[in-house]
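Breakdown of the fold
Below are the chains, spelled out letter by letter.
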Amino acid sequence: MKCKTKKFTFFSLIFAQKYLFLLALLLIFISEGAIHIFQFVKGTMVELAITGNSNALRTELFKFVVLVLIIPISFYLYSKVYLRISALCVKSLREAIFDSILKRSYSQFIKHNEGRYLNAYTNQINILEISFFQGLFGFLQIVGTSIPGLFLIYTIYPPLLIVSIIGMVLAVALPELLKKKIVRLEKEAIKADENNLSLLNEFLNGIETILNFSQEKLFIRRFKASTKQYNQLRKKWFCNMAAGFDIAQLVLNIYSVASLFIVAMVVSDGILSIGDYIAVLGILFNFTDNLPYTSYYLQQFKASKENLNYINETLLYEEEAIAKDAIALSNIDNIHFDNITFSYPDNDKEILENFSLQINERGITQIQGESGKGKSTLLSLLCGYYPVDKGQIKLSDIPLQQIANLNELVTIMRQESIFFDGSLADNLTMYRPVSDEVLIQGLQRLGLTHLAKAEVLHAPLSEYSGGEARRLMVLRALLRKSEIIILDEPLANLDPESIQLLEEVLTEEDNRFLLVITHQEISIPTKLTVHM
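Residues numbered from 1 in each chain as written. Predicted model: local features only at pLDDT ≥ 70, side-chain atom pairs only at ≥ 80, totals over all residues. Heavy atoms only, no water.

Structural notes on the sheet that holds strand 9 (residues 484–488)
Selection criterion: Paired strands, as defined in this entry, are two strands with at least two bridges between them according to DSSP. Going along the chain from the N terminus, every DSSP run of H or I of four or more residues is numbered as a helix, and every run of E of two or more is numbered as a strand. Axis angles are defined between N-to-C directions and span 0 to 180 degrees, where every axis is a line fitted to C-alpha atoms and, for a helix, only to the segment in contact.
Pairing in this open sheet of five strands is parallel, and the strands run 8-9-10-5-11 from one edge to the other. With partners counted over all chains shown, the strands left at the sheet margins are strand 8 (410–413) and strand 11 (528–531), one partner each. Across the sheet, the mean angle separating the axes of adjacent strands is 15° when strand polarity is ignored. By the bridge criterion, four bridges tie strand 5 (residues 363–368) to strand 11 in an arrangement that is parallel.

What follows is the structure, given as structure tokens:
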């Protein structure tokens, strides 16, 4: 099998928006550079005010006003551009997840539980948006303030540059001691989040049963325990992140005090002016306000790799290998289960053992038996959802893995009634072109005459009874002109009159293989009845 996925990296996400990213860099350097120049203008204005040079003071005042306008405008534009980058990257991730779900085969889809897909599409992308994209937004601000700031410090007093670099390196390096613990906690939190969503999905699917059996308190306790586990892991993660921030803040406070002491000494020696002192003071305050976040952002970036890895693993699926000598069948002569044995992945219990069945005649084959005997599993194998452990399944004496168009040959109707957004006609045809005349005729045959009207067919979906929904699902399956139709408990939830109508319709479908799974006898003649 060949892996099919678009693997994302942070670089690939940003590179896809490279022009916007370059624009964001330009804007943040303008904004942060203007802030540092602003400190020089303030210092110069103080010196000019002391000396009484009013003409030069007016020039500096004009610069002051221009900078006051440039700083917020350029930062606003930077924010707009970067939010756009973030939105486009998130859009790419969501589209990739949705596309990968629909493009993979059903056998590949069921390798993950539903909670994983929901977790990747919602929580993990949301966390990534905060931890990486917003973190990068802040990190670029730090880069934008550090490079011009260090350059200006060098122009004022070069020895101070060495002290600044040492302080900045320590502020970044010391919090890195917590890196491994933060990454481990992120992994554990991602798994706890997936389990929590899987549990929620389980509750939503079974809410009627929970309420009917008055077990609300039990399930609330289970959900609270799951949520508590996730919250505790997130709390530990945030505590470690805060510890890294506090370490950086402490280092930078010590650096600021040392730097100010050095500057004060050289000012007193007459090496620097009061204006230079004010400028350095402003630059140092800007550093201490922003640089503690450096370690915080870097740790977020490392932790967010786990979120992106999780998304990439969810995106990953294997393309079903088609044999080089694969054949596209137009019709089927027989169905043969040849001595097959099967157990589900990660389960040693054999659901089917040395099972054989030959179906040679078109028409109804009834597969009857108690729950848990492997009826539905048998037909999942016929759809190619799982490989058998032993034996072979053949259509027209051709092994399943050598059939190129298996999905076109088999239509399956499960016990659950599934409706999609759209009209009744959309749901019956699955958005394929089928005339209203054919749909109306099919509805009438199944005793659904009140729905057999053009205005009803093309109106939004209504509420249907259980029996109506089952018959609509049967009609959807029959409208697809495939060689094999699998109907899982089609008579469930039907009244006697509806059962009779449906049985008559199924009897007429003698031009294809109709495999009907039931736990009870059906009253119409069948070509073959299999007891499991």
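As for the side chain of Glu 468
Rule in force here: Accessibility here uses a 1.4 Å probe with only protein chains present; expressed as a share of the type maximum, an area under 20% marks a residue as buried, one over 50% as exposed, and anything in between as partly exposed. Only four residue types enter the tally: Lys and Arg on the positive side, Asp and Glu on the negative side; His and the chain ends are excluded. Should a side-chain nitrogen of Lys or Arg be within 4 Å of a carboxyl oxygen of Asp or Glu, the pair is scored as a salt bridge.
You can see Glu 468 is positioned in helix 17 (residues 466–479). Although Glu 468 is buried, it makes no salt bridge; Arg 471 carries the closest opposite charge, 5.3 Å away.

A short note on the packing of aromatic side chains
What counts here: Only Phe, Tyr and Trp rings are paired, with Trp represented by its six-membered ring, and only when their centres lie within 6.5 Å; those with planes under 30 degrees apart are stacked, over 60 edge-to-face, the remainder tilted.
In the structure shown here, the tally under the stated rule is 22 aromatic pairs. Between Tyr 106 and Phe 109, the ring centres sit 6.0 Å apart and the planes meet at 25°, which makes this aromatic pair stacked. Taken together, the residues span about one helical turn, with Tyr 106 and Phe 109 both in helix 4 (residues 106–109) at a distance of three residues. Taking the relative accessible area as the measure of exposure, Tyr 106 reaches 42% and is therefore partly exposed.

Re the confidence of the model for the chain
Stated precisely, the cut-off is as follows: Per residue, pLDDT measures the predictor's confidence, with a range of 0 to 100.
Residues at a pLDDT of 70 or more form 97% of the chain, whose mean pLDDT is 85. Of all secondary-structure elements in the chain, the lowest mean pLDDT belongs to strand 1 (residues 2–4), at 56, while strand 6 (residues 390–395) reaches the highest, 93.

Topic: the sheet that holds strand 4 (residues 352–359)
We count it as follows: Should any heavy atoms of two residues lie within 4.5 Å, those residues are counted as being in contact.
Pairing is antiparallel in the open sheet, where four strands are placed in the order 4-3-6-7. Edge positions in the open sheet fall to strand 4 and strand 7 (398–399), since each of these has one partner strand only. Across two bridges, strand 6 lies against strand 7 in antiparallel orientation. Residue pairing across strands places Leu 395 opposite Ile 398, the latter belonging to strand 7. Its contacts with the sheet place helix 12 (residues 375–382) against strand 3 (335–342), strand 4 and strand 6, and it is angled at close to 115° to strand 3.

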